[in-house]
Amino acid sequence: MVIKSIKKLTLLVLISFLTAFNVNGQEVEVSVDRNELARGETLTYTIRIYEQRQGMQLDLTPLTDEFDVLGTRTSSQVRSINGTVESWTDYIITLFPLNEGEVTIPPIDINNTQTTPIIITVSNEGPRSNQDSDELFLEIEVNKETVYVQEQLLFTIKLYYTINGIRNPQFTELEMDDTVIQLIGSPNQYENLIEGVRYGVYEKRYVIFPQRSGPLEIPDILFRGEVTDGSSNFVFRNLNTRRVTAFIEGITINVAERPIDAQSNNTWLPVSNLTLEEEWNIDINNLSVGDSFERTITMVADGLDGAVLPPFGPEEINGLNIYSAPPNVERNYVDGSIIGRRTETATLVAITAGRIEIPQISIPWWNVTTNELESAVIPAIEIEVANIAGIVPSEQAVVTTENIEELLASTPIVDQQMIDAQEEAEFIEVNASWLNYLILLAFAIVVLSIYRLILYPNNDKIRAYISTQLNNLKAKYSAKNNERVAFNELKTAFGTEDLYNIREALIQWCDHYVVTRPVLTVEDILQQKELSSLHPYISQIQAQLFNSAKNSKNEDNLSSQDFIKTLVELRRVRLKANKTRIDEQRFSLPPLYKTT
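Parameters and conventions
- Residues numbered from 1 in each chain as written.
- Predicted model: local features only at pLDDT ≥ 70, side-chain atom pairs only at ≥ 80, totals over all residues.
- Heavy atoms only, no water.
- Salt bridge = Lys/Arg side-chain N within 4 Å of Asp/Glu carboxyl O.
- Buried < 20%, exposed > 50% of the residue type's maximum accessible area, 1.4 Å probe, protein only.
- Helix = DSSP H or I, 4+ residues; strand = E, 2+ residues; numbered from the N terminus.
- Pairing = 2+ DSSP bridges.
- Axes fitted to C-alpha atoms, helices over the stretch in contact; angles between N-to-C directions.
- Core = buried A, V, L, I, M, F, W, Y, C linked by side-chain atoms within 4.5 Å.
- Contact = heavy atoms within 4.5 Å.
- pLDDT = per-residue confidence, 0-100.
- Polar contact = N/O pair within 3.5 Å; in protein donor to acceptor, adjacent residues only side chain to side chain.
- Patch = residues over 30% accessible without salt bridge, like charges linked within 9 Å, V, L, I, M, F, W, Y side chains within 5 Å.
- Areas by Shrake-Rupley, 256 points an atom, 1.4 Å probe, with all protein chains shown as cover.
- Phe/Tyr/Trp six-rings, centres within 6.5 Å; stacked < 30°, edge-to-face > 60°.
- Lys NZ or Arg CZ within 6 Å of the ring centre and 35° of its normal.

Student: Would you mind going over the pattern of salt bridges with me for this structure?
Tutor: Where charged atoms of side chains with opposite charge meet at close range, the side chains can pair. Under the definition given, this model contains 18 salt bridges. With a closest N to O distance of 3.9 Å, Glu203 and Arg205 form a salt bridge. Taking relative accessible area as the criterion, Glu203 reaches 7% and is therefore assigned buried. Glu382 serves as the salt-bridge partner of Arg355, at 3.2 Å between the closest nitrogen and oxygen. Of this pair, Arg355 sits in strand S29 (residues 354-358) while Glu382 sits in strand S32 (residues 381-386); the two residues are 27 residues apart in sequence, bridging distant segments of the chain. Residue classification places Arg355 among the exposed positions, given a relative accessible area of 60%.

Okay, structure coming up:
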């Protein structure tokens, strides 16, 4: 332990020496407000650039591998000592470490100078936040510590807070291999009284279906949000807010494999309850040949999605034709538990008379409450189908006394006078030219009346209405309000090779792409981790625009083809995510608690 402390002290002294060297030789200094912090806390990383009186762009992409960049701001100062004027600009960055242990803040390139890396130590001290633990903390809940493979696991994240005005709440997204994860409705918000203190509660509930046995590692949960603090700094769009965070460790759930008693079954349904119900649309005790009737069977499973419930209706029944309709699959949530429903409807047609047996339906399922194999059964039944009343059997058909060959050989008699009389009766000649003029005159009178009584008195209102609708249509399909139009304008800007137009069109499209905050400047794009693949191209655009102000010769041209490929890939991933989100919302139910 003593040797480790000596090494750490030596490393800190070396870092301080290198930092001081940067100040004198490179006029760049970096520092942190602390070198040791607990998991879930944030630190302040300051980059001081001497003789820098105007703002500049910093590429913070290297920081995003080990940290979340929660906020940035700048501060410029000038001081004079004994006639010597000294000025500098501080770039103050709030960082959230993503990992535990020794973490390195990597060097950043600034004016052809690299900053000094800094090593910090992140220790795990349990659930924490960057506020007082009584003001903001997280809790997680599960309904079981051990589940079977494909059994539902109910997982809940709760944020307790006494801070007013929390905005833009963001939680770690649950992503685990070999699992199916579904968010239950929208987040719930309510109040809870704990030891005399009234807390606001922000709750997200999930249902998780592990697809393989073994340990299921639920990851650490991080909360990030914003609260107003009264300050005002618009250089990095820090609009009177400060960041708040909270952290809680993940947990491990044991996933058991299918029990031996259930391994021989074709289906595996680990639920707390499963039922089968049968319904007929008519009385099946009074059927005749040719009658059709509907049979509806409904399976309800407490603990599985209706989409995974197996088909169960018979495909063939002797004496009956079966015409099956597509199954109706549903899912609902009751007290946080998923309820799956599968309904199969088939039309049966009796094709033979006599006694017909409709076979039994048996669905085995595993009761996760009692740990026993059970079966849901619809028993077999027999129905009696009678002949159609009044039908004469073919053996009793009456024999005609006529010779059929003589009837077919005789020549048919045609009465031409009767045919001509019928043709004359079908056509009546009418001179209708005057009727056409009358219809035209009536139409003209109607049109003139509409114009004089409706259109002419309201001419100004109609013009104003048409103008308003045209303006609304133009606004709807403008680049500001339509992502597709903004993206097409961005591609058009690449064809003009005008870097200024490309930059403005890129800002406009990124404002559609980023949904968590407005994007009005290039700096806003550089602060977004989800747009990190665009940062090298943006830096190249800014560099060429800056160089073009000094000389007209640009040595490094922007690679438009690679840039466009990167933009198309970003847009494809976002459109796919939006489609997935819309599909999930189609099957989501409103929250059980009223949200505010």
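Having seen it, we continue.
Student: Would you take a moment to explain the sheet that holds strand S12 (residues 146-148) for this structure?
Tutor: By definition, the strands of a sheet pair up through backbone hydrogen bonds, in either a parallel or an antiparallel sense. With mixed pairing, three strands are arranged side by side in an open sheet as S12-S21-S18. Looking at the sheet topology across the chains shown, the edges are occupied by S12 and strand S18 (214-218). Direction aside, the axes of adjacent strands within the sheet are offset by 35° on average. The sheet contact formed by S18 and strand S21 (residues 251-256) spans five bridges and is antiparallel. Among the inter-strand pairings, Gly214 is bridged to a residue of S21, identified as Val255.

Student: Even after reading the chapter, I still don't get the nonpolar core, so can you show me in this structure?
Tutor: In terms of nonpolar packing, the biggest core is built from 32 residues, with Leu138 and Ile208 touching the most fellow members. Looking at this core, the elements with two or more residues in it are strand S11 (136-142), S12, strand S13 (153-161), strand S17 (197-210), S18, strand S19 (221-228), strand S20 (241-248) and S21. In this structure Leu138 touches Ile157, Lys158, Leu159, Phe171, Ile221, Phe223, Ala246, Phe247 and Ile248, once residues within four positions along its chain are discounted. By size, the runner-up hydrophobic cluster in this structure holds 27 residues, among which are Phe487, Ala493, Phe494 and Ala505.

Student: Sorry if this is basic, but what is going on with the pairing of strand S30 (residues 361-367) here?
Tutor: Consecutive residues of a regular strand have side chains that alternate between opposite faces of the sheet. Most of S30 sits out of view: five of its seven residues are buried. As defined by bridge partners, S30 adjoins strand S31 (residues 372-378) across seven bridges and the pair is classed as antiparallel. By the bridge assignment, Ser362 is partnered in S31 with Val377. Between S30 and the antiparallel strand that follows it, S31, lie four residues; Asn371 among them carries a positive phi value of about 55°.

Student: What is the right way to look at the confidence of the model for the protein chain in this model?
Tutor: One rule of thumb: low pLDDT means the predicted coordinates there are not for detailed reading. In this model, the protein chain carries an average pLDDT of 79, and 80% of its residues clear a pLDDT of 70 or more. The lowest-confidence element of the protein chain is helix H1 (residues 2-26), averaging 43 in pLDDT; the highest-confidence one is strand S22 (residues 270-271), averaging 94. Contacts of residues 232-238 to residues separated by more than four positions or lying in other chains number 19 contacts, the stretch itself having pLDDT below 50.

Student: Teacher, can you tell me more about the side chain of Ser337 here?
Tutor: Its location among the elements puts Ser337 in strand S28 (residues 337-350). Among the residues examined, Ser337 registers a relative accessible area of 11% and is labelled buried. Side-chain polar atoms of Ser337 contact the side chain of Gln152, separated by 2.8 Å. With near-sequence residues (within four places) excluded, Ser337 lies in contact with Gln152, Leu154, Asp302 and Asn332.

Student: Whenever I open this one, the sheet that holds strand S24 (residues 287-288) confuses me. Can you help?
Tutor: The sheet built from three strands is open, its strands ordered S24-S32-S29 with mixed pairing. Strand pairing shows two members of the sheet lacking a second neighbour, S24 and S29, which therefore form its edges. In the sheet, S24 pairs with S32 via two bridges, with the strands oriented parallel. Bridge pairing in S32 places Leu287 opposite Val385.

Student: Teacher, can you tell me more about a nonpolar patch on the surface here?
Tutor: On the surface, Val446, Leu448, Ile450, Tyr451, Leu453, Ile454, Leu455, Tyr456, Ile462, Tyr465, Ile466 and Leu470 cluster together into a nonpolar patch covering about 1200 Å² of accessible area. Those elements giving two or more residues to the nonpolar patch turn out to be helix H4 (433-455) and helix H5 (459-476). Broken down by element, the nonpolar patch gets its largest block of residues, seven residues, from H4. Relative accessible area serves as the criterion here: at 53%, Tyr465 is assigned to the exposed category.

Student: I tried to follow the packing of aromatic side chains on my own but got confused; where do I start?
Tutor: Any aromatic ring pair is given by two values, namely how distant the centres are and how the planes are angled relative to each other. Under the criterion given, the structure shown has 16 aromatic pairs. Between Trp280 and Phe293 the ring centres are 5.8 Å apart and the planes differ by 45°, which places this aromatic pair in the tilted class. With Trp280 in strand S23 (residues 273-280) and Phe293 in strand S25 (residues 292-302), this pair connects stretches of sequence that are 13 residues apart. Grouping residues by exposure puts Trp280 and Phe293 together as buried. On the numbers, 4.6 Å between centres and 10° between planes, the contact of Tyr537 with Phe563 is stacked. Within this pair, whereas Tyr537 is found in helix H9 (residues 535-548), its partner Phe563 is found in helix H10 (residues 560-586), the two being separated by 26 residues in sequence. One exposure class covers both Tyr537 and Phe563, and it is buried. Three or more aromatic residues joined by ring pairs make a cluster, and in this case those are Phe137, Tyr160 and Tyr199. Lying across the ring of Tyr456, Arg452 places its NZ or CZ 5.5 Å from the centre. One Lys or Arg, Arg574, reaches over the ring of Tyr513 and ends 4.0 Å from the middle of that ring.

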